[in-house]
Amino acid sequence: MGDLLLVRHGETEWSRSGQHTSFTDLPLTEHGEGQAKSLAPFFSGRPFCLALTSPLRRAVRTAELAGVGAAVAEPDLHEWDYGAYEGITTVEIHRTRPTWDLWTDGVPPGPDGHPGESPEEIGLRADRVLSRVDAALANCGGDAVLVAHGHFLRVLTARRLGLPPAEGRLFQLATGTYSRLSTEHGRPVIAEWNVRP
């Protein structure tokens, strides 16, 4: 069975400033485009049985620049809905909620259509994506690649390893990085994590 390759999109203005970014569809910065291009050697000549990207342009553009051009948009790869905390940094949130933690407290509802999500809700989306990945990997000789967002990919990794969604807090993930989830003796493992060329 092939491996599951994860790519966090390149830098945006808000990822650089630490602002929570889910539904705001920001482009990559010039640095973010460079990060995405630098990932191309990981994918050159590599066969994929499945290539998926978040529908948001920062992920789609990263996939294109990294050489994962045939990626299909998958709505379940969307970033965590931060609700009322969209565009706000953790430092700003801590001014009114000093002990707030995304992984345990979630977020308050935001504008219409953005009620915010809990780790468990993200975990359900991640489980759906992993089911699709497993079906593809069982029927081909290549790897699967997902191009998405930091918090979502951290939850997906926790779920792949059999951990509760909130344990995604254990896996720091920088912009413009490559990670590889594999197996050892039939068990899922992290083979490479948060790699930059």
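Look above for the structure.
Residues numbered from 1 in each chain as written. Predicted model: local features only at pLDDT ≥ 70, side-chain atom pairs only at ≥ 80, totals over all residues. Heavy atoms only, no water.

Draft legend 1. Inspection of the layout of surface pockets at higher detail. Looking at the largest pocket, its volume works out to about 420 Å³. Within the lining of the largest pocket, the residues separate by chemical class into seven nonpolar, 13 polar and five charged. (1 Å grid on protein atoms, 1.4 Å probe; cavity = no way out; pocket = protein on both sides within 12 Å on 5 of 7 lines; lining within 4 Å. Points joined across faces, edges and corners; volume = space filled by probe spheres on them. Nonpolar A, V, L, I, M, F, W, Y, C, P; charged D, E, K, R; others polar.)

Draft legend 2. Region of the structure containing the nonpolar core. Formed by 29 residues in total, the largest nonpolar core has its most connected members in Leu4, Val133, Leu146, Phe152 and Leu156. Only strand 1 (4–8), strand 2 (48–53), helix 6 (102–105), helix 7 (119–137), strand 4 (143–148) and helix 8 (150–160) provide two or more residues apiece to this core. Tallying contributions element by element places helix 7 first for this core, with seven residues. Among all residues touching Val133, those that are not within four sequence positions of it are Leu4, Leu50, Ala144, Leu146 and Arg160. (Core = buried A, V, L, I, M, F, W, Y, C linked by side-chain atoms within 4.5 Å. Buried < 20%, exposed > 50% of the residue type's maximum accessible area, 1.4 Å probe, protein only. Helix = DSSP H or I, 4+ residues; strand = E, 2+ residues; numbered from the N terminus. Contact = heavy atoms within 4.5 Å.)

Draft legend 3. Region of interest: the packing of helix 2 (residues 30–38) against helix 4 (residues 57–66). In contact at an axis separation of 7 Å, helix 2 and helix 4 are set at 45 degrees when each is read in the N-to-C sense. Considering the angle they form, helix 2 stands oblique to helix 4. Between helix 2 and helix 4 the crossing geometry is right-handed. Every residue of helix 4 that contacts helix 2 at Glu33, Ala36 and Lys37 is listed here: Arg61, Thr62, Leu65 and Ala66. Each residue belonging to the contact of helix 2 with helix 4 can be placed in one class, and the counts come to three nonpolar, one polar and three charged. (Axes fitted to C-alpha atoms, helices over the stretch in contact; angles between N-to-C directions. Parallel < 35°, antiparallel > 145°, perpendicular 65-115°, else oblique. Left-handed = near helix turned anticlockwise from the far one by under 90°.)

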